[in-house]
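Descriptive structure summary
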Amino acid sequence: VAFNDSLNPWLTGVREVDEDGRAAANRFADGLSAGGGTNIRDAVVSALGALKGSTRPTAIVFLTDGLGQYPAEQTLQAIEAANPDRRTRIFAFGVGDDVNQTFLERLGRENRGGFTAIHGGVAIDQAVATFYASISKPVLTELAMDFGDVVPNRTYPAVLPDVYKGQRLVLSGRYRGAGPTTLTVSGRIGAQEKTLALPVVFPEDDDQHRWVARLWAKRRAEHLLAQVR
């Protein structure tokens, strides 16, 4: 879906990847030129609409070189309404120095995707190729955690992302309750549901790992600063 102030989709729907389609898509992309505004809202909502009927896991790779022409909060609300349950993952790439990085980070984070900044002479194809190598090997999607008798609060990241091969997820938060409990990690690998139960102990006071509290405080500060921005 090419766009400036208006939309210019290559197709009105989706199609299987084959050699003819790849060649046609490349010809379409080679004919694009810069001009007009940056209608992020309608471009992403349009792509979400095209993927709405798919029974497969779906993802959008969104590339932009500028600031959106609609207010960021309005755009995020429209995308949230078009992507219930965050079914489609959105991976945003901001190209150049004149992008709203805070907005694009939220766009990726709140839709179980991510954000990559491309500037300083980094080749776009190299950055996207590295991304594809990562998401082609999902370890666990639709991740959820149950802490048993312990009640977590103010956890970050607030929306758990999918986990891919070679990546790690650090979840930090505060909690009420202490002592031994069972941490249940659940998710999906393809169409299969997976569950892992781990015995863990939450201490009332941990003098040996005080860096954990600092890690949470840093995440909390980053969360509040993002809200301010």
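Refer to the preceding data block for the structure.
Keep in mind that this is a model prediction, so the values were computed, not measured.

1. What about the sheet that holds strand β4 (residues 88-95)?
With respect to topology, three strands assemble into an open sheet ordered β3-β4-β5, the strand pairing being parallel. Each of the sheet's edge strands pairs with one partner strand only, and the pair in question is β3 (58-64) and β5 (114-118). Here the average twist between neighbouring strands, direction ignored, is 15°. With seven bridges joining them, β3 and β4 adopt parallel strand pairing.

2. Structural notes on the pairing of strand β11 (residues 192-202)
Counting buried positions along β11 yields one of 11 residues, so the element is predominantly exposed. Inspection of the sheet shows strand β10 (residues 179-189) paired to β11 by 11 bridges, in the antiparallel sense. Paired with S186 across the strands is T195, a residue of β11.

3. Observations concerning the nonpolar core
By size, the foremost hydrophobic cluster in this structure holds 15 residues, and its most contacted members are V44, I60, F62, L104 and L107. For this core, the secondary-structure elements that each account for two or more residues are α2 (40-51), β3, α3 (72-82), β4 and α4 (101-109). Ranked by residue count, the leading element in this core is α2, at five residues. If we skip the residues at most four places from it in the chain, I60 touches V44, A47, L48, L51, T88, R89, I90 and F91. Membership of the second largest hydrophobic core comes to nine residues, among which are V150, L160, V163 and F202.

4. A word on the pattern of salt bridges
Tallying each qualifying case throughout the model produces 10 salt bridges. Across the salt bridge formed by D18 and R15, the nearest N and O atoms sit 3.0 Å from each other. Note that E16 is salt-bridged to R56, the shortest N-O span being 3.3 Å. In this pair, E16 sits in the loop between β2 (7-8) and α1 (19-30) while R56 sits in the loop between α2 and β3, placing the two residues 40 residues apart along the sequence. The residues E16 and R56 share a single accessibility class, namely exposed. In this structure, a network of salt bridges that share partners links the residues E73, R106 and E110.

What counts and what doesn't
Residues numbered from 1 in each chain as written. Predicted model: local features only at pLDDT ≥ 70, side-chain atom pairs only at ≥ 80, totals over all residues. Heavy atoms only, no water. Pairing = 2+ DSSP bridges. Helix = DSSP H or I, 4+ residues; strand = E, 2+ residues; numbered from the N terminus. Axes fitted to C-alpha atoms, helices over the stretch in contact; angles between N-to-C directions. Buried < 20%, exposed > 50% of the residue type's maximum accessible area, 1.4 Å probe, protein only. Core = buried A, V, L, I, M, F, W, Y, C linked by side-chain atoms within 4.5 Å. Contact = heavy atoms within 4.5 Å. Salt bridge = Lys/Arg side-chain N within 4 Å of Asp/Glu carboxyl O.

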